[in-house]
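Each chain, written out:
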Amino acid sequence: MKHFYRLFYITFFFFYSVFLQGEDGYRLWLRYDPIKDASIAREYSKAISYLVIEGQSPTLQAIKEELFTGLEGLLGKKLFISSEVRKSGTLLIGTPHQSKLIASVIPPNELNHTGDEGYIIRRVIISRKRCIIISANSDIGLLYGAFHLLRLIQTQQSIANVNIISAPEIRYRLLNHWDNLNRTVERGYAGFSLWNWHLLPDYVSPRYKDYARANASIGINGTVLTNVNANALVLTDQYLIKAAALADVFRTYGIKVYLTARFSAPVEIGGLSTADPLNPQVIEWWNSKIKEIYKYIPDFGGFLVKANSEGQPGPQNYGRNHAEGANMLARALAPYGGIVMWRAFVYDNNVPEDRAKQAYKEFKPLDGKFEKNVFVQVKNGPVDFQPREPFHPLFGAMPATPLMMEFQITQEYLGQGTHLVYLAPLFKECLDADTYAKGKGSEVAKVINGSLDNHDLTGIAGVSNIGDDRNWCGHPFAQANWYAFGRLAWNLSMSSEDIAEEWIRMTFSNNQQFVEPVKKMMLQSRETAVNYMTPLGLHHIMAMHHHYGPGPWVNQGRADWTSVYYHRADSAGIGFNRSTRGSDAVSQYFPEVKQLFDSPETCPKSLLLLFHHLPWDYLMKSGRTLWDELCLKYHSGVDSVRNMQKTWNSLKNMVDEERFLHVKSLLAIQEKEAVWWRDACILYFQQFSRRPVPPGVEKPVKTLEYYMNLRHYYAPGI
Ligand code: BDP
């Protein structure tokens, strides 16, 4: 009988996935197809046949659904629900409050370490029956535990002696959607916004639940629904009712809804003549607005605010500072447990100052001036989500203020929707960087997890790469960046490699002959993109506005939006002098780091031209001139993309046709665009260097003029 069931399920799922569902990427990493290796499947089958879930709640119901789909799919057999532990092979799930049995097997002090969201997964013997238990202090913790167990099986880890205690390192783990109410997505490359504002709240797409499942599976517990370049309309009742419908779906999965607050909302939708944060009427307006929001969304998370940056309104319009603006909102949110995430991404084109220095200059003096429920949300680097930047000097410099990390998952400056670039190494490079704020060992990760300065309020945000494309993220490999962000938010010390391995196994295959080359390709992909776009510390030389493709010649408009401002190429050399002899941005870092960056001799080669303007014949450690090195880097980027293509092509028989062809086509675009980047940049810089392209670098086929005249009228993301 058992065999009959297994055969039935395997056949069913096979036909379902091959003929009905296809491999269109919709399922993300939550793919529960039958384990092909019968002996491995048998192992898991022996361990889990019965499910006992203690208690009742929507979240427990979601756990049951997920486990049924997941386990029945993976194990290819029927799972039985039971009310008590009767047989070996029972998976028992519950909190000690709901389950006496759990309370009797989990020593109470062990759950002291798991907090509100952590969990324990353990093999135990109950009345001589072999069981696996998942326990936590909350239903959400149980949900995270259930996803972890599924992951163990999906990635074929042994559960014979499973004993895992896991709790998140960071409290607020949020996606930031830059989604507009008209469904366009700023810097979005995966179609339109998932949020169908027009049909909400009457039509609640089933995708919202799948979005919540995916996020919960990696521990993301909050989502900012709207663009930082905010529209005040989202705070009107017409839209709040729509946001509430989303919150109702997400709640079961432990995800809170947040909104962006346009600072001038009291004027735009409130009919006031000012938005001055110290004006009593303005304060009252926000108080009652926030009260109204909590009526719609009782567990509303709070506001994300972009103020006085790139034309957005803010407290400075009224002569007030960022702390006064943030605190006004924070006081109104505090009674409800809401928070303010106030962005430090500020710069002013009227200030004749190196843009990379401005956030530090404005925020550092405000350290300690913010209310307790305010985060200052800082981008990973001081410029703007570049392929490579140093860590932001504010990390470590505001010990009295909780700083929230802002990473960009969407690949605005990293190949957008068409390049395979795995971002975990970029995230890790920043998290692992040592600020030296309190001497050696003061890594950015310790600022973010609160341990360096004893903060309980800890947070990390990722600018989402999700849209309404069938596969959510556009590029099949872009899903890995969403995944990596969530996994790192839970545990900052996970390695890029381990995350990639998990993702590949869950998304594609457990076959080691597939996993290893794909992992290698992913791990190198970020460096590859740096090489063909912005090697040796070049930055912000993308095309105007849409940032699609190279534009080192961009010289129109406000200075700090042009490329020439950042690369400063001239006949003498190239690079932005931010040393103590230049803009002195290096002095915003702690002395050990400052010293390192200040001299071209000690500055990491990868950041050289971000901190120094150097002659074209500057001698690099390799023995080559700067010019030759630059050209060779550009070329090596193209070479690496070609190697990625070779790797992928060699794996044809190990991937379904749909995803194989999709990735293959995108890699072909990436190769074309890497050549575009290399040739356009080399030709442009050659005007200044007046040197020949060194041997080993392919000669550009097209002219500089050709590249400068390319126009992309409808590039996505703007
Ligand atoms: C830049 C984007 C712009 C965003 C801005 C921000 O080009 O679209 O509005 O960042 O973070 O990277 O506010």
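Residues numbered from 1 in each chain as written. Predicted model: local features only at pLDDT ≥ 70, side-chain atom pairs only at ≥ 80, totals over all residues. Heavy atoms only, no water.

Caption draft 1: Molecular detail of the overall build of the protein. Of regular secondary structure, the protein possesses 22 helices and 16 strands. Computed over the C-alpha atoms, the radius of gyration of the protein is 26 Å, within 12% of the 27 Å expected from 2.2 N^0.38 for a compact globule of 718 residues. Referenced to the eigenvectors of the C-alpha coordinate spread, the extents of the protein come out at roughly 80 × 65 × 50 Å. For the protein, the proportion of its 718 residues judged to be buried stands at 63%. Contacts spanning at least 24 positions in sequence make up 73% of the contacts within the protein whose residues lie at least 6 apart. Once the 76 positive and 70 negative side-chain charges of the protein are each reduced to a mean point, those two points are 5 Å apart. (Helix = DSSP H or I, 4+ residues; strand = E, 2+ residues; numbered from the N terminus. Rg over C-alpha atoms; globule rule 2.2 N^0.38 Å. Buried < 20%, exposed > 50% of the residue type's maximum accessible area, 1.4 Å probe, protein only. Contact = heavy atoms within 4.5 Å. Lys, Arg positive; Asp, Glu negative; His and termini not counted. Charge placed at Lys NZ, Arg CZ, Asp CG, Glu CD.)

Caption draft 2: Summary view of the sheet that holds strand β10 (residues 302-305). Spatial strand order, β7-β8-β9-β10-β11-β12-β13-β14: eight strands in a closed barrel with parallel pairing. Each neighbouring strand pair of the sheet contributes to a mean axis angle of 25°, computed without reference to strand direction. Direction of pairing for strand β7 (residues 172-176) relative to strand β8 (residues 222-224): parallel, over a ladder of three bridges. Pairing of asparagine 176 across the sheet is with valine 224, part of β8. Each of β7, β13 (403-408) and β14 (459-463) is contacted by helix α14 (residues 479-490), which is oriented at about 160° to β7, the strand it contacts most. (Pairing = 2+ DSSP bridges. Axes fitted to C-alpha atoms, helices over the stretch in contact; angles between N-to-C directions.)

Caption draft 3: Just the state of the cysteines, in detail. This structure, assessed with the given rule, holds zero disulfides. This cysteine, cysteine 631, is not joined by any disulfide, and cysteine 681 carries the nearest cysteine sulfur, 10 Å off. Taking the relative accessible area as the measure of exposure, cysteine 681 reaches 0% and is therefore buried. (Disulfide = S-S within 2.5 Å.)

Caption draft 4: Just the site of the ligand, in detail. The full set close to the ligand counts 15 residues, and Glu186, Lys306, Arg343, Lys379 and Glu412 are the nearest of them. One of the side-chain nitrogen or oxygen atoms of lysine 306 is found 2.6 Å away from an oxygen atom of the ligand. Here the ligand loses 97% of its free accessible area of 320 Å² to cover by the protein chains. When grouped by side-chain class, the residues that make up the shell around the ligand number five nonpolar, two polar and eight charged. (Near = heavy atom within 4 Å. Polar contact = N/O pair within 3.5 Å; in protein donor to acceptor, adjacent residues only side chain to side chain. Areas by Shrake-Rupley, 256 points an atom, 1.4 Å probe, with all protein chains shown as cover. Nonpolar A, V, L, I, M, F, W, Y, C, P; charged D, E, K, R; others polar.)

Caption draft 5: Structural view of the sheet that holds strand β3 (residues 90-94). Pairing within the open sheet is mixed, and its six strands lie in the order β2-β1-β3-β5-β4-β6. Each edge of the sheet is formed by a strand with only one pairing partner; in this case those strands are β2 (80-81) and β6 (163-166). As paired strands, β3 and strand β5 (residues 129-135) are joined by five bridges and run parallel to one another. Counted as the bridge partner of glycine 94 is serine 135 from β5.

Caption draft 6: Local environment of the pairing of strand β1 (residues 50-53). As paired elements, β1 and β3 share four bridges and run parallel to each other. Bridging from a neighbouring strand, tyrosine 50 pairs with threonine 90 of β3. Relative to β2, β1 runs parallel, the two being bridged by two bridges. When the sheet's bridge partners are listed, leucine 51 is paired in β2 with isoleucine 81. You can see the chain leave β1, run along helix α3 (residues 58-75) and come back into β2, and the turn it takes is right-handed. (Right-handed = clockwise from strand over helix to strand, strands pointing away.)

Caption draft 7: Here's a closer look at the pattern of salt bridges. Within this structure, the stated rule accounts for 50 salt bridges. Measuring nitrogen to oxygen at the nearest pair gives 2.6 Å for the salt bridge that ties glutamate 406 to arginine 343. You can see glutamate 406 sitting in strand β13 and its partner arginine 343 sitting in strand β11 (residues 339-343), a full 63 residues away along the chain. We classify glutamate 406 as buried; its relative accessible area is 1%. Of the charged contacts, one joins lysine 357 and glutamate 353 as a salt bridge, the two residues approaching to 3.5 Å between their closest N and O atoms. A relative accessible area of 11% places lysine 357 in the buried class. (Salt bridge = Lys/Arg side-chain N within 4 Å of Asp/Glu carboxyl O.)

Caption draft 8: The arrangement of α14 in detail. A rise of 1.5 Å per residue sets the reference length of α14, with its 12 residues, at 16 Å; its end C-alpha atoms lie 17 Å apart and thus fit the reference within 8%. The element α14 is largely enclosed, with a buried count of 12 among its 12 residues. Every buried residue belonging to α14 is among Gln479, Ala480, Asn481, Trp482, Tyr483, Ala484, Phe485, Gly486, Arg487, Leu488, Ala489 and Trp490, and all of these are buried. (Expected span 1.5 Å × (residues − 1).)

Caption draft 9: Inspection of the packing of aromatic side chains at higher detail. Taken as a whole and judged by the stated rule, the model has 43 aromatic pairs. Seen from their ring centres, phenylalanine 300 and phenylalanine 303 are 5.6 Å apart, and the 70° between their planes marks the pair as edge-to-face. Phenylalanine 300 gets classed as buried once you look at its relative accessible area, which sits at 2%. Aromatic side chains tyrosine 706 and tyrosine 707 sit 5.2 Å apart centroid to centroid with 75° between the ring planes, which places their arrangement in the edge-to-face category. The rings of Tyr26, Trp29, Trp195, Tyr208, Tyr211, Phe250, Trp472, Trp482 and Tyr483 are connected pair by pair, giving a single aromatic cluster. Its end group placed over the ring of phenylalanine 345, lysine 379 keeps NZ or CZ at 3.2 Å from the ring centre. Over the aromatic face of tryptophan 561 sits the side chain of arginine 558, whose NZ or CZ is 4.7 Å from the ring centroid. (Phe/Tyr/Trp six-rings, centres within 6.5 Å; stacked < 30°, edge-to-face > 60°. Lys NZ or Arg CZ within 6 Å of the ring centre and 35° of its normal.)

Caption draft 10: Spotlight on helix α5 (residues 139-154). Compared with an ideal rise of 1.5 Å per residue, which puts 16 residues at 22 Å, α5 spans 22 Å between its outermost C-alpha atoms and is within 8% of the ideal. One or two residues past the end of α5 sits glutamine 156, with phi positive at roughly 60°.

Caption draft 11: Structural context of the nonpolar core. Of all hydrophobic cores here, the largest spans 229 residues; its most connected members are Phe250, Phe303, Trp482, Trp648 and Phe685. Broken down by element, the residue count for this core peaks at 13 residues, all from helix α21 (residues 657-689). Those residues in contact with phenylalanine 685 that lie beyond four places of it in its chain are Leu538, Ile541, Pro552, His567, Ala569, Ile574, Trp616, Trp627, Leu630 and Tyr634. Leu92, Ile102, Ile126 and Cys131 belong to the second-largest nonpolar core, a separate cluster that totals 11 residues. (Core = buried A, V, L, I, M, F, W, Y, C linked by side-chain atoms within 4.5 Å.)

Caption draft 12: Local environment of the side chain of arginine 122. Relative to the helices and strands, arginine 122 resides in strand β4 (residues 119-126). Judged by its relative accessible area of 12%, arginine 122 is buried. Polar side-chain contacts of arginine 122 include one of 2.6 Å to the side chain of glutamate 110. A polar contact of 2.9 Å, which involves the side chain of arginine 122, links it to the side chain of asparagine 163. Ignoring sequence-local partners within four residues, the contact set of arginine 122 consists of Ile106, Pro107, Glu110, Cys131, Ile132, Ile133, Val162, Asn163 and Ile165.

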